[in-house]
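# Descriptive analysis of the structure
Residues per chain are reported as follows:
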Amino acid sequence: MEKEIIRGAEALMRSLKNEQVDTIFGYPGGSIMPVFDALYDHKEDFKQILVRHEQGAVHAAQGYARSSGKTGVCIVTSGPGATNTLTGIADAMLDSTPIVVIAGQVMSSVLGTDFFQEVDLVGVTQPISKWSYQIRSVEDIPWAISRAFYIARTGRPGPVVLDFTKNAQTAQAAYEPAIVDFVRSYVPYHKPDEKAIAEAAELINRSIRPLVLVGQGVELGNAHEELKAFIEKGNLPTGRTLLGLSALPSDHPLNMGMLGMHGNLGPNVNTNNCDVLIAIGMRFSDRVTGILSTYAKQARVIHFDIDPSEIDKNVHADIPVIGDCKETLPLVTALLENCDRKEWLDTFTEYDAIEEEKVIRPSITPEEGPIRMGEVARKVSEATGNSAILVTDVGQNQMMSCRYFKFTKPHSLLTSGGLGTMGYGLPAAIGATFGAPDRTVCMFCGDGGFQMNIQELGTIMEQKRPVKIIILNNNYLGNVRQWQEMFFDRRYSWTPMVNPDYMKIAEAYGIPARHVEKREELDEAIKEMLDTEGAFILHVAVMEEENILPMAAPGSSVDELILEI
């Protein structure tokens, strides 16, 4: 039987279907036009989402991926269309988010001639992606697509970039599906080392003051139940990184809070008091460790990670346990002994009481004065039954909402961790409504970050996406202002914001909105937001010079937390 002869653009459509793609975010242009023409005939196969900027397409694909557990896809054109994706690609790389970015490229015959909208996308993206490849022939398409998805979603996930020349889109060839499940020299999953497993269990059993640090690796590996079994059997107090916050329910009795620069007092201070530090799916970011010269020097370190390159990168691991934590954690759990660690656990309770009095209570239940960011976050969380997906932008809004939101379900936090990308929140929230359509999506942002991708309100309007947008407006670039207050003698250089009328902007996009500046209006406004079908913008005027506390100042030890300013 003769094989069907089809154009390259159609071969892409069939290859994407083979990878079970159901949603595509994108923006058309000259060098990718044959692909968008092919998409016209596949409206039943893919949800096709026209964003308003290519950066928005990548962040939306990230939001889709992280909320669904699938691989996000976006398609853009060459030149500025391709370069506009770079921030999102770098963000996905640092936060281990599986996406495939397909960009148009000029014809192979004119590569290297500075043809209109030609950019060496492969050269530009190789350092910020798991794999970057240029498709120059139509015959390569099925193989390249299958390999791209295999690399993006296996092992430690991440972004893959395909640079798709126009001649490969328009040429014809016989189509044959491809399945790539092996790449030479690429080892996504390592077989657990039995010796390391036994040594890890023995060290934990002998420990008096163990502390577990949980990162996003537990979420990516869907190892939530395995984590709970592990910490419960060993009675192990557990802290979570920013990206690992929803890996363990907030109310779990062994959950001791958030780690890092603006984390909770107990897990941060006890990092330098524990005798065994057990890191699971986290990379010892500087935002978690503070200055490395004083970080957990008294402790022996066990590091569970799927990526061997993370072992000893920042913190030396006495016992590296390389592999998928969904597989390695149960192996260690089987060897654990039940231990009573009440005295050690009680120390966290003591630190919690200090933080509650000095930081938490004033932040979420202030007696007077302007509305506080923390109280908005806590009220929204409670109004959703603590079951919503929290999407944040970057800055004070991010830290406050992450500190005071509560999590009861996995995959409930989407935020830009490694790159700290302002403008991430709005498009990522759009992606989340497609990736998890049955869940409430609440997006917190500041007045600065909201304006960085404000054009994506057009995508919300067109697609009727039910994003609940909470703008915490303090009329500053708040995070930078806080640093200027603390370390630059209150010289507020370029941080005060002159803002537009957000109510009029909401009206222009046909999105219901409400402005709140009085505390007594807040509960009713939150209820109105959640009761309104579809999107809603809740614009809250908050304290202008509020600070995020606790804080480990730059260059300080993780246990040297500032509680008051």
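Just so it is clear, the model here is predicted, and its values are computed rather than measured. (Residues numbered from 1 in each chain as written. Predicted model: local features only at pLDDT ≥ 70, side-chain atom pairs only at ≥ 80, totals over all residues. Heavy atoms only, no water.)

What follows covers the packing of aromatic side chains. What characterises a pair of aromatic rings is the spacing of the ring centres plus the angle enclosed by the ring planes. For the coordinates displayed, the defined rule picks out 14 aromatic pairs. When the centroid spacing of 5.1 Å and the interplanar angle of 15 degrees are considered together, the rings of Trp-131 and Tyr-133 count as stacked. Looking at Tyr-133, the relative accessible area reads 21%, which means it is partly exposed. On the basis of an interplanar angle of 90 degrees and a centroid distance of 6.0 Å, the ring pair of Trp-131 and Trp-143 is categorised as edge-to-face. Separated by twelve residues along the polypeptide, Trp-131 in strand β6 (residues 131-135) and Trp-143 in helix α7 (residues 141-153) bring together distant segments of the chain. Directly above the ring of Tyr-40 sits Lys-43, whose terminal nitrogen or CZ lies 3.9 Å from the centroid. Here the basic side chain of Arg-147 rests over the ring of Trp-131, its NZ or CZ set 4.6 Å away from the ring centre. (Phe/Tyr/Trp six-rings, centres within 6.5 Å; stacked < 30°, edge-to-face > 60°. Buried < 20%, exposed > 50% of the residue type's maximum accessible area, 1.4 Å probe, protein only. Helix = DSSP H or I, 4+ residues; strand = E, 2+ residues; numbered from the N terminus. Lys NZ or Arg CZ within 6 Å of the ring centre and 35° of its normal.)

Another aspect to go through is the layout of surface pockets. Gaps between atoms show up when a probe of the same size as a water molecule is rolled over them. Approximately 370 Å³ is the volume found for the second largest pocket. Along the wall of the second largest pocket there are 20 residues; nearest its centre are Gly-257, Asn-264, Ile-360, Arg-403 and Lys-406. Secondary-structure elements contributing two or more residues to the lining of the second largest pocket are β11 (255-258), α15 (342-364) and α17 (396-404). When the residues that make up the lining of the second largest pocket are grouped by side-chain class, the tally is nine nonpolar, four polar and seven charged. (1 Å grid on protein atoms, 1.4 Å probe; cavity = no way out; pocket = protein on both sides within 12 Å on 5 of 7 lines; lining within 4 Å. Points joined across faces, edges and corners; volume = space filled by probe spheres on them. Nonpolar A, V, L, I, M, F, W, Y, C, P; charged D, E, K, R; others polar.)

Here the focus is the sheet that holds strand β15 (residues 389-392). Two pairing modes exist for strands in a sheet, parallel and antiparallel, and in both the strands are linked by backbone hydrogen bonds. A sheet is described by the order of its strands in space; here six strands give the open sequence β16-β15-β17-β18-β20-β19, paired in parallel fashion. Where the open sheet ends on each side, the last strands, each with one partner, are β16 (413-414) and β19 (513-516). Pairing of strand β17 (residues 441-446) with strand β18 (residues 467-473) involves six bridges; the strand directions are parallel. Bridge assignment links Val-441 to a residue of β18, and that residue is Val-467. Across the sheet, helix α23 (residues 522-531) is in contact with β17, β18, β19 and β20 (536-541); its angle to β20 comes to roughly 160 degrees. (Pairing = 2+ DSSP bridges. Contact = heavy atoms within 4.5 Å. Axes fitted to C-alpha atoms, helices over the stretch in contact; angles between N-to-C directions.)

Mapped onto the elements, Glu-19 comes out in the loop between α1 (8-18) and β2 (23-26). Beyond its immediate stretch of four places on either side in the chain, Glu-19 contacts Ile-145, Ser-146, Phe-149 and Arg-153.

A word on the pattern of salt bridges. One pass over the structure, following the stated rule, counts 28 salt bridges. Between Glu-485 and Arg-490 there is a salt bridge; the shortest N-O distance is 3.1 Å. Several salt bridges share partner residues, and in doing so they unite Arg-156, Asp-307, Glu-310 and Lys-313 into one network. (Salt bridge = Lys/Arg side-chain N within 4 Å of Asp/Glu carboxyl O.)

Structural measurements only, silent on function.
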